[in-house]
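The residues making up each chain are set out below.
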Amino acid sequence: FAGKRRGQGDANSHSHFMEQKINMKKYYNYNKKLKGFARNLRNKSTKAEIFLWSKLLRAKTFHGYSFLRQRPIGNYIADFMCKELMLVIEVDGYSHLLDEVIQKDIKKEEYLERTGFTIIRFTDDEVLNDLNNVQRTLESFLDSRKKSSPWPPSPTLQANTQGGGCENGDLS
């Protein structure tokens, strides 16, 4: 997989992209019916998911962006979701090599892309054995997003430029 990225549009779709972001900002297609199932998945996270969460995504450690674990979106649950970036990160184990699971993943990706999300996939092995490359892939996504659009500004940068200081990195 090597940080496979999906959901990239061309420059002509920028205004539609922004309109979608504004509409999604409030709702993100959160499915309350999957709340309990998502909680159960959080409690039974894989070793790779726990590692990625604790080392890179927890508590706004990735450039000040907030990620949610096992977040229901429509009829699917994203391993990690960042609302501000409209980014879903999936961490795939060996079961994702099975044809049946691959087909489910394709349907999930298609839905998430229609909803406005970009999906980046990593294997368990990539997360556990090459976290630096995982981080570089995510930073590359962030850099390309910043170059293509001023939206969304880094939460850390936004807080500092609006005169609202933040102590110990806490932006709340």
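Residues numbered from 1 in each chain as written. Predicted model: local features only at pLDDT ≥ 70, side-chain atom pairs only at ≥ 80, totals over all residues. Heavy atoms only, no water.

(A) Representation of the packing of helix 3 (residues 47-57) against helix 6 (residues 131-148) within the structure. Contact geometry for helix 3 and helix 6: axes closest at 11 Å, N-to-C directions at 60 degrees. In the packing of helix 3 onto helix 6, the handedness of the crossing is right-handed. Residue-level contacts link Phe51, Leu52, Lys55, Leu56 and Leu57 of helix 3 to Leu131, Val134, Gln135 and Leu138 of helix 6. Here the contact of helix 3 with helix 6 is built from residues that sort into seven nonpolar, one polar and one charged. (Axes fitted to C-alpha atoms, helices over the stretch in contact; angles between N-to-C directions. Helix = DSSP H or I, 4+ residues; strand = E, 2+ residues; numbered from the N terminus. Left-handed = near helix turned anticlockwise from the far one by under 90°. Contact = heavy atoms within 4.5 Å. Nonpolar A, V, L, I, M, F, W, Y, C, P; charged D, E, K, R; others polar.)

(B) Just the nonpolar core, in detail. Core analysis: the biggest nonpolar cluster contains 22 residues, and Leu52, Leu57, Phe67, Leu87, Ile89 and Leu138 have the highest contact counts within it. Breaking this core down by element, the ones donating at least two residues are helix 3, strand 3 (76-82), strand 4 (87-92), strand 5 (118-123) and helix 6. Counting residues in each nonpolar core, the second largest holds ten residues, with Tyr28, Ile73, Val88 and Phe117 among its members. (Core = buried A, V, L, I, M, F, W, Y, C linked by side-chain atoms within 4.5 Å. Buried < 20%, exposed > 50% of the residue type's maximum accessible area, 1.4 Å probe, protein only.)

(C) Fine view of the environment of His63. Among the structural elements, His63 can be located in the loop between helix 3 and strand 2 (68-73). Taking the relative accessible area as the measure of exposure, His63 reaches 35% and is therefore partly exposed. Taking the C-alpha atoms as reference, His63 lies 8.8 Å from Glu139; in sequence the two are 76 residues apart.

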